[in-house]
Amino acid sequence: MSEYLDGDLDARRRARLERHTDECPECRGLLGGLRRLVGALRELGRPQAAGRGPDLAEAVGRRLGDFPRL
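Residues numbered from 1 in each chain as written. Predicted model: local features only at pLDDT ≥ 70, side-chain atom pairs only at ≥ 80, totals over all residues. Heavy atoms only, no water.

Caption draft 1: Broad picture of the pattern of salt bridges. Taken as a whole and judged by the stated rule, the model has two salt bridges. Two residues, Arg-13 and Glu-3, come together in a salt bridge whose shortest N-O distance is 3.3 Å. Of this pair, Arg-13 sits in helix α2 (residues 11-23) while Glu-3 is found in helix α1 (residues 2-6), placing the two residues ten residues apart along the sequence. Between Glu-18 and Arg-14 there is a salt bridge whose closest N-O contact spans 3.5 Å. Remark: Arg-14 and Glu-18 occur in helix α2; sequence separation between them is four residues, near one turn of the helix. Classification of Glu-18 by relative accessible area gives partly exposed; the value is 30%. Residue classification places Arg-14 among the partly exposed positions, given a relative accessible area of 30%. (Salt bridge = Lys/Arg side-chain N within 4 Å of Asp/Glu carboxyl O. Helix = DSSP H or I, 4+ residues; strand = E, 2+ residues; numbered from the N terminus. Buried < 20%, exposed > 50% of the residue type's maximum accessible area, 1.4 Å probe, protein only.)

In structure tokens:
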């Protein structure tokens, strides 16, 4: 179903999936849920580009410096 939502199925497989989901309430519900999930993920936007947030290694190093050495 992910390939279907991504538009990656050939015409024959796409038609087969559409016929099946027309007839199968369980798969129709699953496809609807996946559509909602993909839509919600798109609303989150893209992650920040590298360099725009704190450097992870630097942040960890600073944090480790906060702990007493044994």
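Let us keep going from here.
Caption draft 2: Local environment of helix α3 (residues 25-44). In this model α3 runs 29 Å from its N-terminal to its C-terminal C-alpha over 20 residues, within 8% of the 28 Å that 1.5 Å per residue would give. Just beyond α3, the residue with positive phi is Gly-45, at close to 85°. (Expected span 1.5 Å × (residues − 1).)

Caption draft 3: Structural detail: a nonpolar patch on the surface. Where nonpolar side chains cluster on the molecular surface, the patch consists of Leu-37, Leu-41 and Leu-44 and spans about 320 Å² of accessible area. Secondary-structure assignment places Leu-41 in helix α3. (Patch = residues over 30% accessible without salt bridge, like charges linked within 9 Å, V, L, I, M, F, W, Y side chains within 5 Å. Areas by Shrake-Rupley, 256 points an atom, 1.4 Å probe, with all protein chains shown as cover.)

Caption draft 4: Local environment of the packing of α2 against α3. Contact geometry of α2 with α3 gives a least axis separation of 5 Å together with a crossing angle of 115°. The orientation of α2 relative to α3 falls into the category roughly perpendicular. Both α2 and α3 take part in a crossing whose hand is left-handed. Each of His-20, Thr-21, Asp-22 and Glu-23 in α2 lies in contact with α3, whose residues at this interface are Pro-25, Cys-27, Arg-28 and Leu-31. Split into classes, the residues belonging to the contact of α2 with α3 amount to three nonpolar, two polar and three charged. (Axes fitted to C-alpha atoms, helices over the stretch in contact; angles between N-to-C directions. Parallel < 35°, antiparallel > 145°, perpendicular 65-115°, else oblique. Left-handed = near helix turned anticlockwise from the far one by under 90°. Contact = heavy atoms within 4.5 Å. Nonpolar A, V, L, I, M, F, W, Y, C, P; charged D, E, K, R; others polar.)

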